[in-house]
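This is what each chain is made of:
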Amino acid sequence: MIVTFMPFLMKSGYGLTWRESLVVCYGGLRGALGLALALIVGVDEGFSVRMRELVLFHMAGMATITLLLNGSTCQYLVRGLGIVQESEVRDRLKKNFMAELLVESGKKFESIKSNKYLSLCDWQKARKLIGIDDMLQEIQKSQAAEQHQSHGIGTGLLSYQKFKDEDIYAEARYRLLRIMKGLVWEKYEESQLTGPAARLLAEAIEMSLDDNRKPIAIWELLYSIFTGNKLMNLYFKAKDWFIIGRFAKKYIADHLSFLYQVVTTFVIIAEEVIEHQGDVPLSKEHIKVVIEELEKNKNDASNYVISVQDQFSDTIKNIQMRRAAYNVLFFQRQQLDRALKEGQIEDKEYNDIRREIDRRIVALDAVLSFQEWSVPTLNDFVMQFPIFSSLRREEIDQLKGQAQIRVLQNGNSLYSKGNKIEGLYVITKGIVRQYLDLEKNSTKHGLGSILTFGNVINDGHVALSNCVAAGEVQAQFIPASTIEDVMRRNVEFESVCYKNCLHQFIKFMPQSAGELATLDEQTCLNFVNKSRLVKLERGIKFQLVSGGYLFKGDIKKADNTLRLNKPGYIPPSQDDYVCENYTIYLAFDTEIRQFLTGKKASDVRKSIARGSIARGSISGGEPVAKRSRMSIHDEVEHEKVVKKEFDQMYPAHEEKPIRDERQPEKQPVREERELENIIHEEKHEDETQP
């Protein structure tokens, strides 16, 4: 049967090779189907008793033989055909990990010897039970074999010099792709992906895993799937038809939502893997090559998202709005579950709130719909973008009054590196390419992109990069003088602009970025979120205990050991800095190393939580105790903190107290005194209890 359909099997799915067909024939089913058919014959009284017994006997015998013979020898056939190749690099990594494990185990073993509750322990027998000597002997054997193969010249335990680059690249791809596959299902558990989207993305990663000796090509597979949907052209033609058009638009919206989920999640996962590339236990040179392959896939996917946003901006806007709402609703559901688990709310309260959250989640499906594209105005961006949220009405009117509509054709330059710019562009239609030196390394920017505050902030309004139109582009142009005038009058807006353009300075001036050079855009924004924008005149001394970033000016250390006169990273120091002239810089609230260490620890905690490790298992299997009842004093203080945070976050919801005209004005004072008496009595009761 397999031989007959071999031509079709070789071209369908992953493709079946002749080696794999031999394994299928040799392994195959272990008699399950044959036993099922034999049992049917065994209960059929139309056959003689002897015939039924013979069929059952022979079928059971064949199933037993195939299980014992074929089942036990199939592994040797697979190895002999070379279908599964064991990586020598992976074996070396295992040996290296065992060595590190032995070192840490030895330290732990020595440290517990001083435990007074282990004073009667027989440490030699304990060492034998642990298996330290056996692991050590295995590592020594592998070292001796390696020295023999290298003619007595030891290459060292952590050396990979004897392996081919192709083998190390394959192992690096294998490890990075395995991490990505795990992240896909983590995003699914966080409800950032639907089941079909997660399966497609996991399958694309799996296909790259199957052929890890070739460069990573996840995006090529995803792109071929998206562009190979022949029905989309038909639905686009039918979207304006009577009755049918409604269903066509629904299908288009669902397809775009599915596409947007897959592509954006792939970009997010790729960025996480790139950020944590240092955790892979291989040489940096080999990891760098594989990371470059992954970055190319990520950049192509990002450019595709920008193209889709440009073509279907209003539909993508609805998709983003729904995803944002769902993320917050899912967070509310998690907080609600935690509150129930810790005893902060009762079951009835939990059910009421949970029912409302679930109702809102279900209602999100009605938000998604296909809408025709229309060119947005500047007011659409000013009112919606977070960077403009601190502007006052007169400042918004000033920007709108000075804005000009500019239309650029394919290849037209918006600005060139090193040249003075006139203002910034807000893209309302089309796509532009931004690059530093070579256009092949460019990044695409589409609808809603602001290009760029970094050019306006840079000394002399000098452009940090090059930017050209990739097709017909329509943009709102705002003069740099107008932006600067608004920044002078609105300190909060000015601070946000500097924080948002920091990554542009890091990206286009990496040689002076120092330890900030490893940050991606989102991580950079998170890092500088609580930083302070500082402006100082000449001669003023200051300190940067956590470091900072210099935008303008000339500074030096008081002892003349360091001098900075161009944009760049200011390392943390307890020493004084002195301004040589007017200076503008960001003062970080946390050191970059401390921030990255804390972020890594947070990622570890998240991975533990995703691994379904319950608190009870961490504490030795004991159930988590519910939070004890707060005292009146604690409740009052807690409510004060919550009210303060609520009023700061939602000032529009702050209610003014209504005074009761029938009571004297001193009533609030009496109520406060009564509350103080209750708190005092409660404290007195606590002190008198045994």
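Each remark here, short or long, concerns the structure printed above.
Novice: Tell me about the overall build of the protein chain, and name the residues and values.
Specialist: The number of helices and strands found in the protein chain is 25 helices and 16 strands. Looking at the protein chain as a whole, 36% of its 690 residues are labelled buried. Relative to all contacts within the protein chain whose residues are 6 or more apart in sequence, the contacts with residues 24 or more apart total 73%. Summed over its atoms, the accessible surface of the protein chain is roughly 42900 Å², and 55% of this surface lies on carbon and sulfur atoms.

Novice: A description of the pairing of strand β3 (residues 423-429) should follow, citing residues and the corresponding values.
Specialist: Counting buried residues in β3 gives six out of seven residues, a clear majority hidden from the surface. Judged from the six bridges that link them, β3 and strand β8 (residues 473-479) form a sheet pairing that is antiparallel. Bridge pairing in β8 places Leu424 opposite Ile478. Pairing geometry for β3 and strand β6 (residues 450-451), over two bridges, is antiparallel. Across the sheet, Val426 pairs through a bridge with Ile450, a residue of β6.

Novice: Explain the packing of aromatic side chains residue by residue, including any values.
Specialist: Going through the model one piece at a time under the given rule, you end up with 18 aromatic pairs. Relative to Tyr304, the ring of Phe226 has its centre 6.4 Å away and its plane inclined at 10°; by these criteria the two rings are stacked. Remark: Tyr304 occurs in helix α13 (residues 284-311) and Phe226 occurs in helix α10 (residues 218-227); sequence separation between them is 78 residues. For the residue pair Phe226 and Tyr304, the accessibility class agrees, reading buried in each case. The rings of Trp219, Tyr223, Phe226 and Tyr304 are connected pair by pair, giving a single aromatic cluster. The lysine or arginine in question, Arg406, covers the ring of Phe477, its NZ or CZ lying 3.7 Å from the ring centre.

Novice: Now, about a nonpolar patch on the surface: what can you tell me, with residues and values included?
Specialist: Residues Trp241, Phe242, Ile243, Ile244 and Phe247 make up a contiguous nonpolar surface patch of roughly 650 Å² in combined accessible area. Locating Phe247 in the fold gives a position in helix α12 (residues 244-275).

Novice: Give me the lowdown on the sheet that holds strand β16 (residues 583-587), citing residues and values where you can.
Specialist: Overall, antiparallel pairing links the four strands, which are arranged β9-β16-β11-β14 in an open sheet. Of all the strands in the sheet, just β9 (532-536) and β14 (568-570) have a single pairing partner and so form its edges. In this sheet, adjacent strand axes meet at a mean angle of 30° when their direction is disregarded. The pairing of β9 with β16 spans five bridges and is classified as antiparallel. Residue pairing across strands places Arg532 opposite Ala587, the latter belonging to β16. Helix-sheet contacts for helix α20 (residues 491-508) involve β9, β11 (548-552) and β16, and the interaxial angle to β11 is about 100°.

Novice: Go over the packing of helix α3 (residues 32-42) against helix α4 (residues 49-81), please, and point to the residues and values.
Specialist: α4 packs onto α3 with a crossing angle of 165° between their chain directions and a minimal axis gap of 9 Å. When the axis of α3 is compared with that of α4, the two are roughly antiparallel. Note on packing geometry: the crossing formed by α3 with α4 is left-handed. Contacts between α3 and α4 involve Gly34, Leu35, Ala38, Leu39, Val41 and Gly42 from the first element and Arg52, Val55, Leu56, Met59, Ala60 and Ala63 from the second. Taken together, the residues of the contact of α3 with α4 sort by class into nine nonpolar, two polar and one charged.

Novice: For the sheet that holds strand β5 (residues 443-445), give the residues involved together with the corresponding values.
Specialist: On the basis of which strands lie adjacent, the open sheet formed by four strands has the order β2-β7-β4-β5 and antiparallel pairing. Each edge of the open sheet carries a strand with a single partner, namely β2 (413-415) and β5. Sheet twist, expressed as the average angle between the axes of neighbouring strands with direction ignored, equals 30°. Bridge count for β2 against strand β7 (residues 466-469) is two bridges, and the pairing is antiparallel. Counterpart to Ser413 in the pairing with β7 is Val468.

The rules behind these values
- For every chain, the first residue of the written sequence is number 1, and numbering continues from 1 onward in sequence order.
- This being a predicted model, a pLDDT of at least 70 is required before a residue's local features are given, and a value of 80 or more before pairs of side-chain atoms are given or counted; all residues contribute to the totals for chains, interfaces and linings.
- With hydrogens and water excluded, all non-hydrogen atoms of the structure serve as input to the side-chain values.
- Working definition: helices are DSSP H or I runs of at least four residues, strands are E runs of at least two. Numbering for both runs from the N terminus.
- Burial classes: relative accessible area under 20% of the type maximum marks a residue as buried, over 50% as exposed, and values in between as partly exposed (1.4 Å probe, protein chains only).
- Here a residue-residue contact requires only that any non-hydrogen atoms of the pair lie within 4.5 Å.
- All accessible-area figures derive from a Shrake-Rupley calculation using a 1.4 Å probe, and residue coverage is judged against the displayed protein chains alone.
- We treat two strands as partners when DSSP finds at least two bridges between them.
- The rule is short: rings of Phe, Tyr and Trp, with Trp giving its six-membered ring, pair when the centres are within 6.5 Å, and they are stacked under 30 degrees, edge-to-face over 60, tilted in between.
- Two limits define a charge over a ring: the Lys NZ or Arg CZ must be within 6 Å of the ring centre, and within 35 degrees of the ring normal.
- Here a patch means residues that are over 30% exposed by relative accessible area and free of salt bridges, tied together within 9 Å if like-charged and within 5 Å if nonpolar (Val, Leu, Ile, Met, Phe, Trp, Tyr).
- Any Lys or Arg side-chain nitrogen found within 4 Å of a carboxyl oxygen on Asp or Glu counts as a salt bridge.
- Helix axes use the C-alpha atoms of the stretch in contact, all axes being lines fitted to C-alpha atoms, and the angles between their N-to-C directions lie in the range 0 to 180 degrees.
- Each angle receives one of four descriptions, namely roughly parallel if under 35 degrees, roughly antiparallel if over 145, roughly perpendicular if within 65 to 115, and oblique otherwise.
- The hand of a helix crossing depends on one turn: near helix anticlockwise from the far one by less than a right angle means left-handed, and clockwise means right-handed.
- Throughout, the ten residues Ala, Val, Leu, Ile, Met, Phe, Trp, Tyr, Cys and Pro are labelled nonpolar, Asp, Glu, Lys and Arg are labelled charged, and all others, Gly among them, are labelled polar.

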